[in-house]
Amino acid sequence: MDKYKKIFKESLNISDKDFSESLKYNDIPEWDSIGHMTLIAALEENYKISIETDDIVDFSSFNKGKEILKKYKVN
């Protein structure tokens, strides 16, 4: 999950001090609709997966993202 955390922080441009595993969509200005799509694109590229539209919409928090990625065999 270190890779996931790194992708998350880099694509949303979040510093270590601003990052929390309890982070939710729109909790911070960086995670708006544009940031969300940047994050999804980075995850797809790094893990070589294609995330379904329903999962993109459901990807509402850092922890929910971990659940969704398990569906794509990402640990």
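For the structure itself, look to the data block above.
The structure displayed is predicted, hence computed values, not measured ones. (Residues numbered from 1 in each chain as written. Predicted model: local features only at pLDDT ≥ 70, side-chain atom pairs only at ≥ 80, totals over all residues. Heavy atoms only, no water.)

**Student:** Which residues make up helix α4 (residues 62-71), and what values go with them?
**Tutor:** Listing the buried residues of α4 in full gives Phe62, Gly65, Ile68 and Leu69. For α4, the arc enclosing every buried residue in end-on projection is 110 degrees, short of the 170-degree limit, so these residues lie on one face. Against the buried residues of α4 lie α1 (2-12), α2 (33-47) and α3 (53-58). Lys73 sits one or two residues past α4 and shows a positive phi near 65 degrees. (Buried < 20%, exposed > 50% of the residue type's maximum accessible area, 1.4 Å probe, protein only. Helix = DSSP H or I, 4+ residues; strand = E, 2+ residues; numbered from the N terminus. Arc of directions from axis to C-beta. Contact = heavy atoms within 4.5 Å.)

**Student:** Which residues make up the pattern of salt bridges, and what values do they have?
**Tutor:** Tallying each qualifying case throughout the model produces eight salt bridges. The shortest N-O distance in the salt bridge between Glu10 and Lys6 comes to 3.6 Å. Of this pair, Glu10 and Lys6 both sit in helix α1, separated by four residues, roughly a single helical turn. Residue Glu67 pairs with Lys64 through a salt bridge whose shortest N-O separation is 3.6 Å. Of the two residues, Glu67 and Lys64 are both situated in helix α4; the distance of three residues between them amounts to about one turn of the helix. (Salt bridge = Lys/Arg side-chain N within 4 Å of Asp/Glu carboxyl O.)

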